[in-house]
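Remarks on the overall topology
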Amino acid sequence: GYVRQLPSRRYALGPGLVALGDQATRLIASWARPALRTLEEATRETANLAIPDGHRVVYVAQVPSRQQMRMFTEVGRRVFAHSTGVGKVLLAQLSDEDAIGILHRTGMPRFTPTTLTTEAAMIRELGAIRARGYASDDGEQEVGVRCFAVPVLGASTPTAVSVSGPEGRLPMTAAEWVVPTLRRAADELRAALTSAGGAVKLR
């Protein structure tokens, strides 16, 4: 069931791969959940795990905030890289040339007034992310939502972890304490995701 033959006698991916992908996603989510829960408890905001999926980014695990007003992104949702904290921090792990190549394929649509929509702006942003070691989403995907994200360095698949919440609870100055908390979570996630032989790879 992993491949199927078309009427033209060519072959295409089959439905068996869907089940395989779902199983892999559930595995990575189960390994990541303890670290994400600790992150949510420390920040009181929604904790997310994301990986590249083609030329976009997919959320593969999440622990929602327990506050009444909270951010929620459906696990499995694919988003553009240029407008999200997780996407930008993953792009920053690439060269400028490779990152811009991805953005050429997806485009850089404007979602809010703060969305970055030019190559020059994105190259400046990626340089700043590399220098400080984290990315932020300042209402670039959704108005009023802020996100901080760091890479899970050393993971077998490029991976990012983030927290997201209302900008009123997560001002830009919150990076001073949120980012160290994210880095501790990233260290815990790296250990969890490599403990099963270091062979966790998705898509």
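Everything here concerns the structure above.
The sections below set out a description of the structure shown in this document. (Residues numbered from 1 in each chain as written. Predicted model: local features only at pLDDT ≥ 70, side-chain atom pairs only at ≥ 80, totals over all residues. Heavy atoms only, no water.)

A look at the overall build of the protein
As a reminder of what qualifies: The numbering of helices and of strands both runs from the N terminus, where a helix is a DSSP run of H or I of at least 4 residues and a strand a run of E of at least 2. When accessible area is computed with a 1.4 Å probe and restricted to protein chains, residues below 20% of their type maximum are described as buried, those above 50% as exposed, and intermediate ones as partly exposed. We call two residues in contact when some of their heavy atoms are within 4.5 Å.
Of the regular secondary structure elements, the protein holds five helices and eight strands. Across the protein, helices and strands are ordered from the amino to the carboxyl terminus as β-β-α-β-β-β-α-α-α-β-β-β-α. The burial tally for the protein puts 48% of its 203 residues in the buried class. Partitioning the intrachain contacts of the protein with sequence separation of at least 6 by distance along the chain shows that 58% fall at a separation of at least 24.

Regarding the sheet that holds strand 8 (residues 160-166)
Through backbone hydrogen bonds, the strands of a sheet pair up, either in parallel or in antiparallel fashion. What counts here: The criterion for strand pairing is that DSSP finds at least two bridges linking the strands in question. Axes here mean lines fitted to C-alpha atoms, for a helix over just the part in contact, with angles spanning 0 to 180 degrees between N-to-C directions.
Strand order in this open sheet of six strands is 5-4-3-8-7-6, and the pairing throughout is antiparallel. Edge strands, defined here as strands with exactly one partner in the open sheet, are strand 5 (78-79) and strand 6 (135-138). Two elements, strand 3 (residues 46-53) and strand 4 (residues 56-63), share seven bridges in a ladder whose sense is antiparallel. Looking across to strand 4, one finds that Leu49 is bridged to Ala61. Each of strand 3, strand 7 (145-151) and strand 8 is contacted by helix 5 (residues 175-194), which is oriented at about 45° to strand 7, the strand it contacts most.

Topic: the nonpolar core
What counts here: The set of buried Ala, Val, Leu, Ile, Met, Phe, Trp, Tyr and Cys residues whose side-chain atoms join them within 4.5 Å is what this entry labels a nonpolar core.
Counting residues in hydrophobic clusters, the biggest one holds 27 residues, and the most contacted among them are Leu36, Leu49, Phe148, Val161, Leu182 and Leu189. At the level of secondary structure, the elements contributing two or more residues to this core comprise helix 1 (16-43), strand 3, strand 4, strand 7, strand 8 and helix 5. When residues in this core are grouped by element, the largest group, seven residues, is from helix 5. Not counting chain neighbours up to four residues away, the residues in contact with Val161 comprise Leu36, Leu39, Asn48, Leu49, Phe148, Ala149, Val150, Val152, Leu182, Ala186 and Leu189. Of all hydrophobic cores here, the second largest spans 23 residues; its members include Leu91, Ala92, Leu103 and Met122.

Concerning the packing of aromatic side chains
Definition in use: For this analysis, a ring pair means two rings from Phe, Tyr or Trp (six-membered ring only for Trp) whose centres lie within 6.5 Å, classed as stacked if their planes differ by under 30 degrees, edge-to-face if by over 60, and tilted for the remaining angles. Geometrically, a lysine NZ or arginine CZ counts as sitting over a ring once it is within 6 Å of the ring centre and also within 35 degrees of the ring normal.
Summed over all chains, the structure comprises two aromatic pairs. Each ring, one from Phe80 and one from Phe111, has its centre 5.6 Å from the other, and the planes form 55°; the classification is tilted. One end of the pair, Phe80, is in the loop between strand 5 and helix 2 (85-91); the other, Phe111, is in the loop between helix 3 (96-106) and helix 4 (119-132), and 31 residues separate them in sequence. Given a relative accessible area of 13%, Phe80 falls into the buried group. For Phe111, a relative accessible area of 36% corresponds to the partly exposed category. When the ring centre of Phe80 is taken as origin, the NZ or CZ atom of Arg56, which lies over that ring, is 4.0 Å away. When the ring centre of Tyr134 is taken as reference, the NZ or CZ atom of Arg132 above it lies at 4.9 Å.

Considerations on the pattern of salt bridges
Basically, it comes down to this: Salt bridges are defined by distance alone: a side-chain nitrogen of Lys or Arg within 4 Å of a carboxyl oxygen of Asp or Glu.
Counted under the stated rule, the structure contains 11 salt bridges. Of the charged contacts in the structure, one is a salt bridge between Arg77 and Glu142, with a shortest N-O distance of 3.9 Å. Here the residue Arg77 occupies a position in the loop between strand 4 and strand 5, and Glu142 occupies one in the loop between strand 6 and strand 7, the gap between them amounting to 65 residues. For Arg77, a relative accessible area of 30% corresponds to the partly exposed category.

Overview of the environment of Asp187
For Asp187, the position within the fold is in helix 5. A relative accessible area of 41% means that Asp187 is categorised as partly exposed. Note: C-alpha distance between Asp187 and Gly154 (33 residues apart in sequence) is 9.1 Å.

Observations regarding the pairing of strand 4
Where a strand is regular, its side chains alternate between the two sheet faces. Burial analysis of strand 4 places seven of its eight residues in the buried class, which makes it a mostly covered element. Taken together, strand 3 and the strand that follows it, strand 4, pair antiparallel across an intervening segment of two residues, in which Gly54 is found at a positive phi of about 65°. Looking at chain direction, strand 4 and strand 5 are connected through two bridges and run antiparallel. Along strand 5, the bridge assignment pairs Val57 with Val79.

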